[in-house]
Amino acid sequence: MKPPFLKAIDFSEEDFSNSNFLLELRIHVVEECNLKCVYCLSNAPFVGDKNEGNKTKLSLDEIKNNIKQARDLGIKVVSITGSGEPLLYKNLKELIEFIKSLNLRVVLFTNGLLLSKELVRWLNEKDVNLMVKLNSFNPEINDKLVGLKGAQKVFIEKTKMLVDVGFAKDKRMALNCIICEENYQEIPELFIFCRENGIIPWIEIVTITGRAKEEMKLPKEKIEILYKKLSEIDKKQFGYEWIPDSPIVGADRRRYKFVAQIDIFGNVYHTDANITDEVGNIRNKSLHDLITSEKFIKLRSKDKHSRNFLEKENSELAEKIYKILTNKKFRAGALPPEDIKKLVLEKIERKISKNLPIKLFQFWGGCKNPNLPTDNAELCEEATLENLQRISNEVAKIYSPGLKIFVSPGDGRVQNVNKIPKEKTGKYVQTLTEIAEKYNGLFSVIPLSMLYEKYSVDFQKHLSEARKNIEKDIYNQPEFEKLALNARKNVFGSDLESEEKILEKSKEAAKDYIIYRVAEEEAKIFRDFDDCIRSFFIKYIPFYKRYIKNIDETEPRLDCSLVFYTGRKGNITQPWQAIGKRKEDEVLFLSQNRLKLEMNRVKD
Ligand code: SF4
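Worth saying up front: this structure is predicted, and the values here are computed from it rather than measured.

What to know about the site of the ligand
Link 1 in the chain: Around the ligand lies a shell formed by C33, L35, C37, C40, A44, S83, G84, N111, K133 and R211.
Link 2 in the chain: Across the shell around the ligand, the residue classes break down as five nonpolar, three polar and two charged.

Side note on the packing of helix α5 (residues 139-146) against helix α6 (residues 151-165)
Link 1 in the chain: Packing of α5 against α6 leaves a shortest axis separation of 8 Å and a crossing angle of 100°. With respect to α6, the element α5 is oriented roughly perpendicular. Residue-level inspection shows P139, N142, D143 and V146 of α5 in contact with α6, the latter providing A151, Q152 and F155.
Link 2 in the chain: For the contact of α5 with α6, the class distribution of residues is four nonpolar, two polar and one charged.

A word on the pairing of strand β14 (residues 578-583)
Link 1 in the chain: Relative to strand β15 (residues 586-591), β14 is paired through six bridges, and the arrangement is antiparallel. The partner of G580 across the bridge, within β15, is F589.
Link 2 in the chain: Counting the residues between successive antiparallel strands, the hairpin from β14 to β15 contains two residues, one of them, E584, with a positive phi of roughly 50°.

A short note on the side chain of S231
Link 1 in the chain: You can see S231 is positioned in helix α8 (residues 220-238).
Link 2 in the chain: Here the side chain of S231 touches W242 through a polar contact of 3.3 Å, landing on its backbone oxygen.
Link 3 in the chain: In this structure S231 touches Y240, W242 and P244, once residues within four positions along its chain are discounted.

Observations concerning the packing of helix α4 (residues 117-125) against α6
Link 1 in the chain: Direction vectors running N to C along α4 and α6 enclose 40°, while the axes themselves pass 11 Å from each other. As summarised for this structure, α4 and α6 are arranged oblique, according to the angle between their axes. Judged by the sense of rotation from one axis to the other, the crossing of α4 with α6 is right-handed. Residue-level inspection shows K117, V120 and N124 of α4 in contact with α6, the latter providing M161, L162 and V165.

Some points on the sheet that holds strand β10 (residues 358-364)
Link 1 in the chain: With parallel pairing, four strands are arranged side by side in an open sheet as β12-β11-β10-β13. Edge positions in the sheet fall to β12 (443-445) and β13 (532-534), since each has one partner strand and no second. Averaged over all adjacent pairs, the angle separating strand axes in this sheet is 25°, with direction ignored.
Link 2 in the chain: Alignment of β10 against β13, held across three bridges, turns out to be parallel. Residue pairing in the sheet places L360 in a bridge with I533 of β13.
Link 3 in the chain: Against the sheet, helix α15 (residues 422-436) touches β10, β11 (403-409) and β12, its axis set at about 165° to β12.

Rules used throughout
- Note that residues are indexed from 1 along each chain, following the sequence as it is written.
- Side-chain atom pairs in this predicted model are given and counted only at pLDDT of 80 or more, local residue features only at pLDDT of at least 70, and totals for whole chains, interfaces and linings cover all residues.
- Side-chain metrics in this entry use all non-hydrogen atoms of the structure; hydrogen atoms and water are not considered.
- For each residue, the test is whether any non-hydrogen atom lies within 4 Å of the molecule or strand; if one does, the residue is near.
- Classification used: nonpolar for Ala, Val, Leu, Ile, Met, Phe, Trp, Tyr, Cys and Pro, charged for Asp, Glu, Lys and Arg, polar for all others including Gly.
- An axis is simply a line fitted to the C-alpha atoms; with a helix, the fit covers only the stretch in contact. Between two such axes, the angle follows the N-to-C directions and lies from 0 to 180 degrees.
- The secondary structure listing takes helices from DSSP runs of H or I that are at least 4 residues long and strands from runs of E that are at least 2 residues long, numbered from the N terminus.
- Should an angle lie under 35 degrees it is considered roughly parallel, over 145 roughly antiparallel, and from 65 to 115 roughly perpendicular; all remaining angles are considered oblique.
- Two residues qualify as a contact provided that any one of their heavy atoms is within 4.5 Å of a heavy atom in the partner residue.
- Only when DSSP finds a minimum of two bridges between them are two strands counted as paired.
- As used in this structure description, the phrase polar contact means that two N or O atoms lie within 3.5 Å; if the pair is within protein, one of them must be able to donate a hydrogen and the other to accept it, and residues adjacent in sequence are counted only when both atoms belong to side chains.
- Here is the rule for handedness: rotate from the far helix to the near one, and if that takes an anticlockwise turn smaller than a right angle the crossing is left-handed, while a clockwise turn gives right-handed.

Laid out in structure tokens, this is it:
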């Protein structure tokens, strides 16, 4: 189960997939603060010490106008925040009323010191979500970090007050705590305190900017150990599962793709992690233009929140994922050559930069081998998909979006090349789809016949051209004999006929297979899967390559392929050629020959 999150910003899958621009606007309303946190990333001046220079702060009307612009860009929530302490803002209540009148949700970031009973009641009535502060149960440590003696006692009082009014019960309250050397050991205790009281633990690493000095930063390894420990506590004690990849413990980092922030002077930023790097000023440009600017998009992709913060660079993560994909337990055949490796890494990195699943395209047989006693996908296919799921699980341990696997049964091809009736391929595709549906969206079954149909005009044209070219030349090719022998394995019903007929059929099938594969590439029927790593790619295999005219015009233009073992034990790459038999917790793959042996044994 996914952990709870602050209600106002707990965006749904629908929100993420429907949003084009923003889901959340963070707006600064004051510059000064009544605390002097040593880690304050906005370097908020203490009340009375401020020095604004000549800059003009945004008026309430300007702030309202900015919120309206953001509403038109699709936001669901406004977070009222610093640079300093928002409770010092004299127009706070009017601003909250205004946001509510637009039907938007409100999050108020506050250190909590100025929360009175009356104000808490009012905030509760307005359904505001609150982010308060507590860095340590030890008063000395807490007060040192926030720069005010006695602050910890007040924090605890205010936390209790909010819990009593019902903010925690409604998931409208989070406790903000930074992680540093001083409180490192007690973070698990703070985390458990939050969970036990229904408070959202907003525990995060220090952002080194403003007053936070480099010395406050803990080594990555130490943070990793802590986050893994918190993740284990959550799983064991509270039943929540999450991957430690966001700088905010247990948070869904996809949110950061849809946040913009406006400071008190109208400068626009991606998130608070980038407040030294504005993209422009709202007084000079519309919010739409600022957030669609190249700079904003670039900052967003670089932001530590938008990618796995424990990873240094996308390329480092891509290498790790590549290692999993090419691990001997999953890989069939030799390691890909360096140029293919480069292409695979590029594809992986492109997905990482957008925090999207890495896509694989797995070619698959179009029907159960007709010599087997079933037309349906069965245990072999299930065990095979399970094996592919295992690869995805391993990837998801270090990259939460994991994999997305397209399985493409070659039904259209075997109907034509191997003369398999549509009825049989239909049964196979249908039962394979049913099995694939059990894996929570990891697999999509894309029958080849569907692609033939989708691009039928192009495909038919290239098919007849390929037939003309290939037929007149193929039998003279020295490698053809070898291909025909390979095809012999797939000439179904071969055990029923004479050797001569089988050879004739094998040659025919080998030739048709080449014709179909060449036409598939030339008609670009895989163009929709350009961003996938393919399991088998013929375009650069010399034998096929010679028949593809204008190879540079085929799409995907550059491609890469990795071939995966698909059987549970890595013992078969073609589950459609066998039927499965359970042996304790293992699935045995029985090919036609082994099946015959088994059946004979039973008869004996
Ligand atoms: S971190 Fe927040 S509470 Fe602390 S000084 Fe800065 S604005 Fe004030």
